[in-house]
Amino acid sequence: MSALDSIKPFYSILPQVINPEKKLGFKDKLKWTAIILVLYFILTEVSLYGLSPTAIDQFAQLRSVMAGSFGSILTLGIGPIVTASIVMQLLVGGKLINLDLSSPEDKAAFQGTQKLLAILFTLFEGAVLVVTGSLPPISGEYTIILIIQMVLGGLIIIYLDEVVSKWGFGSGIGLFIAAGVSQQILIGTFNFLPATGSAAPAGRIPNFIYSLMTGQPQFNLLIPVLATIIVFLVVVYAECMRVEIPLSYGGVKGARSKYPLKFVYASNMPVILTSALLLNVQLFAGIFQSAGFPILGEVSQGQAISGIAYYLTTPSNISVLLTDPLKVLIYAIVFIGLSILFALLWVEISGIGPKQVASQLSNMGVQVPGFRSSKVQFKRILNKYIPTITVLGGAFVGVLAFAADLTGALGGGTGVLLTVGVVYRLYEEIAKEQLMDMHPMLRKFLGDE
């Protein structure tokens, strides 16, 4: 009996996106992915009705990671979904809820509960942002209207994510992050329109050209552009790094292959989860301050100015190293530490831990040359590699995201890191799907039907 059976009546009545009746081809998946992407961009342009023009984006530094558009009905972005994921991972990883995610029933209970939590967090976060004054209405009578609009936007994101996961490529979470960050990079780099209150173009490259034409070259304008390019190249290189375990097929003499373990084994999910957790620290700082107990620090004009919330606010300028090195040090330790923790949790919960992979390889009838083919033997071998690369990969993405944020990379350093990882994996999935469509027998051989 599942530990979550008592709340099954609640999540079982939630509307669900149906699974496709048959395996979708490349064109169908591409079509649905494109449709959802267009809908996402349209919704980011739907402004919140009744929002005061004095509203300040308290989470501007994490906006790209949360795939939200401030002032639109998608202001919450994927925040509630990721927060629900954090809660479920901590509950299952800490054995507070005993679930076997290899079991279809327990996995369905996990996903259903996570979806229910995401909806509850949508209501909670929307209400908190309005009530605490982060998103003030133009008058008191618009309070409920604002909350309803944000909850509606949050629910739409939840179901758009589900559509992409079942009918498109990758996941909606990754797609929305990549879309939002790519838009910020393009606008931040090439926008030739003048910035507010200035004759100079807003884009970094047009602004640099403008500074050359006026005889006052400002090379510092190119630092974020160069930082973005460097992050891109480093992430692509890291995605290509892997440990390969040699395999042989017992029933086929001379047949050999390799099982690749990527260096960034937990993908970029640790950074997404860490950023979401830090966002919630800022959120609760505002709640406690409104209640008269600023135990997490004080918030002024949407920015934390003291306490824990201040030290866990993303430093997005390298000058902070000189003005407040303690803040940078504390933030770096917490961010990298959480990235490692969430990497370990994600590997176990997503079914790519040593035990699960060992079971898959054993069922495939393969073996490591020189060793017996058994789950115990596979697990012993994988235990030498997976925990180590999980920790190293989690630390790597944490360090890279932190350093990129510090340089002020366009789209946010963390956003660039996530976007490159998402796009790289989309490329791999699209290439695989194209190959399957070109060679249908290969799909049958791999059991991907």
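Use the structure listed above.
The paragraphs below set out a description of the structure included in this document.

Rules used in this analysis
- Residues numbered from 1 in each chain as written.
- Predicted model: local features only at pLDDT ≥ 70, side-chain atom pairs only at ≥ 80, totals over all residues.
- Heavy atoms only, no water.
- Helix = DSSP H or I, 4+ residues; strand = E, 2+ residues; numbered from the N terminus.
- Rg over C-alpha atoms; globule rule 2.2 N^0.38 Å.
- Buried < 20%, exposed > 50% of the residue type's maximum accessible area, 1.4 Å probe, protein only.
- Contact = heavy atoms within 4.5 Å.
- Areas by Shrake-Rupley, 256 points an atom, 1.4 Å probe, with all protein chains shown as cover.
- Lys, Arg positive; Asp, Glu negative; His and termini not counted.
- Charge placed at Lys NZ, Arg CZ, Asp CG, Glu CD.
- 1 Å grid on protein atoms, 1.4 Å probe; cavity = no way out; pocket = protein on both sides within 12 Å on 5 of 7 lines; lining within 4 Å.
- Points joined across faces, edges and corners; volume = space filled by probe spheres on them.
- Nonpolar A, V, L, I, M, F, W, Y, C, P; charged D, E, K, R; others polar.
- Axes fitted to C-alpha atoms, helices over the stretch in contact; angles between N-to-C directions.
- Parallel < 35°, antiparallel > 145°, perpendicular 65-115°, else oblique.
- Left-handed = near helix turned anticlockwise from the far one by under 90°.
- Salt bridge = Lys/Arg side-chain N within 4 Å of Asp/Glu carboxyl O.
- Patch = residues over 30% accessible without salt bridge, like charges linked within 9 Å, V, L, I, M, F, W, Y side chains within 5 Å.
- Core = buried A, V, L, I, M, F, W, Y, C linked by side-chain atoms within 4.5 Å.

### Topic: the overall build of the protein
From N to C terminus, the protein includes 18 helices and 5 strands. Compactness check: the protein gives a C-alpha radius of gyration of 23 Å against a globular reference of 22 Å for 449 residues, within 12% of the reference. If you line up the protein on its principal axes, its C-alpha atoms span 75 × 60 × 45 Å. Across the 449 residues of the protein, 48% fall into the buried class. By sequence separation, contacts in the protein at least 24 residues apart represent 68% of the contacts at least 6 residues apart. Of the roughly 22300 Å² of accessible surface on the protein, 67% is carried by carbon and sulfur atoms. For the protein, the distance from the average site of its 28 positive side-chain charges to the average site of its 24 negative ones is 12 Å.

### Things to note about unusual backbone geometry
Positioned with a positive phi, Ala67 is a non-glycine residue whose angle comes to about 55°. If you check the backbone angles, Ser267 has positive phi at about 60° while not being a glycine. Within the secondary structure, Ser267 sits in the loop between strand 2 (256–262) and helix 10 (269–290).

### What to know about empty space enclosed by the protein
Under the counting rule described, the total for this entry stands at 4 cavities of 30 Å³ or more. Here the second largest cavity defines a volume of roughly 80 Å³. Lining the second largest cavity are Phe59, Arg63, Met66, Thr75, Leu76, Gly79, Glu125, Leu129, Leu279 and Leu283. At the level of secondary structure, the elements contributing two or more residues to the lining of the second largest cavity comprise helix 3 (63–66), helix 5 (104–131) and helix 10. Within the lining of the second largest cavity, the residues separate by chemical class into 6 nonpolar, 2 polar and 2 charged.

### Remarks on the packing of helix 14 (residues 354–363) against helix 15 (residues 375–382)
Between helix 14 and helix 15, the shortest axis-to-axis distance is 8 Å and the interhelical angle comes to 135°. Considered as vectors, helix 14 and helix 15 are oriented oblique to each other. Crossing of helix 14 over helix 15 shows right-handed handedness. Two secondary-structure elements touch here, helix 14 through Pro354, Lys355, Val357, Ala358, Ser359, Leu361, Ser362 and Asn363 and helix 15 through Lys375, Phe378, Lys379 and Leu382.

### Structural notes on the layout of surface pockets
Approximately 350 Å³ is the volume attributed to the second largest pocket. Mapped by element, the contributors of at least two residues to the lining of the second largest pocket are helix 2 (26–43), helix 3 and helix 7 (172–190). Residue contributions to the lining of the second largest pocket peak at 7 residues, all from helix 7. Across the lining of the second largest pocket, the residue classes tally to 8 nonpolar, 7 polar and 2 charged.

### Comments concerning the pattern of salt bridges
According to the stated counting rule, one finds 4 salt bridges in the structure shown. Close ionic contact of Glu244 with Lys258 constitutes a salt bridge, the shortest N to O distance being 3.6 Å. Placement of the pair is Glu244 in strand 1 (residues 242–249) and Lys258 in strand 2, with a sequence separation of 14 residues.

### Let's talk about a nonpolar patch on the surface
Together, Leu226, Ile229, Ile230, Phe232 and Leu233 make up an exposed nonpolar region whose accessible area comes to about 500 Å². Summarising the element assignment, Ile229 is placed in helix 9 (residues 223–240).

### Notes on the nonpolar core
One finds Ile78, Phe176 and Ile177 to be the most contacted residues of the largest nonpolar core, which totals 93 residues. In contact with Phe176, other than residues within four places in its own chain, are Ile36, Tyr40, Ala67, Ile78, Ile157, Leu160 and Asp161.

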